[in-house]
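# A structural walkthrough
Take a look at the letters that make up each chain.
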Amino acid sequence: MTYVEDELNSQPECWTRAAAEAAGLAGALPAPGERVAVVGCGTSYFMAQAFAALRETAGQGETDAFAASEFPHGRSYDRVLALTRSGTTTEVLDLLGLLKGRTRSTAITADPDTPVMTAADDLVVLDYADERSVVQTRFATTALTLLRAHLGLPTDAAVADARAALADDLPEGLVECGQFTFLGRGWTVGLANEAGLKMREASLSWTEAYPAMEYRHGPISVTTSGTATWMFGEAPEGLAEQVRATGGLWVEGRLDPLAELVRAQRLAVAVAAARGLDPDRPRHLTRSVILAP
């Protein structure tokens, strides 16, 4: 078993632990009414997108998401929340350094022995969700589960659905597809983006991701026999029928959207295996991007 397989299979247990810890970590996390920016790189940026949408929908305050390198320094925030598995990513550390003494910051990380421990004002360490694989799975979803629980959203059903996502077979014919498109709405747009990234990293697949309503505005033109379109959450009316009419494979999101991401992680590993690739050693990638001065 690869590292990434072992780590993605442990997600239900990690999510349960994170949800149980959420109340005790409330002082380090965004408070209701705060104006918040959530930042990250790669997978962490897509989790930031998901949390920002969830927090605003929950009525807890204006929340923006940015790639750490694209943070708008002309804007004012009460808190910046940084997601960083390694705690060493250059763009995140540079941003936190610029914010020090000006804007309160919180970092959620997996490694307590990294520079982010002194760069941020408040810290949440999910060391039990750390990973050996370059490809992120359980840290990202565990951090988002913690944040969902912090918002007061229930997580028991998501954990149960994650177990189902790990146990059930993938849809027939999905692994053999040559192109994959992931769609989301609201907070699941970030999950769709992350699913596409997992497929690219682990299996070198041609993947795209869009807000579901935008899919009709051009991207549906690539859909045909041998391609797959996967919806995270409830699909817009009529979209499934439109995709099927192209000859493409429609995959309905029937589980909690975060559990659907677990299914997509499994797909990435399965496609990698079918193509003779090692998902633990993705091409041109390292566990953390550390830029030379």
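The structure reproduced in this document is the subject of the present report.

## What about helix H8 (residues 188-203)?
For an α-helix, the turn length of 3.6 residues means that residues three or four places apart are oriented alike. For H8, built from 16 residues, the straight-helix expectation of 22 Å at 1.5 Å per residue is met to within 8% by its first-to-last C-alpha distance of 22 Å. Among the 16 residues that make up H8, 15 are buried, leaving the element largely enclosed by the rest of the structure. Positive backbone phi, approximately 55°, marks Leu 204, located one or two places after H8.

## Remarks on the packing of helix H2 (residues 11-21) against helix H6 (residues 138-150)
Between H2 and H6, the shortest axis-to-axis distance is 8 Å and the interhelical angle comes to 30°. Between H2 and H6 the crossing geometry is right-handed. Facing Gln 11, Cys 14, Trp 15, Ala 18, Ala 19 and Glu 21 of H2, the residues of H6 in contact are Arg 138, Thr 141, Thr 142, Thr 145, Leu 146 and Ala 149. Of the residues belonging to the contact of H2 with H6, the class tally is six nonpolar, four polar and two charged.

## A few points about the pattern of salt bridges
One pass over the full model with this rule turns up 15 salt bridges. Here Glu 21 ties to Arg 17 by a salt bridge, and the two come within 3.2 Å at their closest N and O atoms. In this pair, Glu 21 and Arg 17 both sit in helix H2, four residues apart, roughly one turn of the helix. On the basis of relative accessibility, which here comes to 26%, the residue Glu 21 falls in the partly exposed class. Between Arg 254 and Asp 168 there is a salt bridge, with its nearest N and O atoms 3.5 Å apart. One end of the pair, Arg 254, is in the loop between strand E9 (249-251) and helix H10 (257-274); the other, Asp 168, is in the loop between helix H7 (156-167) and strand E6 (179-184), with 86 residues separating them in the sequence. Classification of Arg 254 as partly exposed rests on a relative accessible area of 45%. Taking relative accessible area as the criterion, Asp 168 reaches 30% and is therefore assigned partly exposed. Three or more residues joined by partner-sharing salt bridges are found here, namely Glu 34, Arg 79, Arg 104 and Asp 122.

## A look at the nonpolar core
Membership of the largest hydrophobic core comes to 57 residues, with the highest contact counts inside it found for Ile 108, Leu 126, Leu 144, Phe 180, Phe 182 and Leu 191. If sequence neighbours within four positions are ignored, Phe 180 has contacts with Leu 174, Met 199, Ser 205, Trp 206, Thr 207, Glu 208, Ala 228, Leu 267 and Val 271. Among the nonpolar cores identified, the runner-up in size contains 16 residues, and Ala 37, Val 39, Leu 95 and Ala 119 belong to it.

Thresholds, definitions, all that
Residues numbered from 1 in each chain as written. Predicted model: local features only at pLDDT ≥ 70, side-chain atom pairs only at ≥ 80, totals over all residues. Heavy atoms only, no water. Helix = DSSP H or I, 4+ residues; strand = E, 2+ residues; numbered from the N terminus. Expected span 1.5 Å × (residues − 1). Buried < 20%, exposed > 50% of the residue type's maximum accessible area, 1.4 Å probe, protein only. Axes fitted to C-alpha atoms, helices over the stretch in contact; angles between N-to-C directions. Left-handed = near helix turned anticlockwise from the far one by under 90°. Contact = heavy atoms within 4.5 Å. Nonpolar A, V, L, I, M, F, W, Y, C, P; charged D, E, K, R; others polar. Salt bridge = Lys/Arg side-chain N within 4 Å of Asp/Glu carboxyl O. Core = buried A, V, L, I, M, F, W, Y, C linked by side-chain atoms within 4.5 Å.

Spatial relationships are all this shows, so hold off on functional conclusions.
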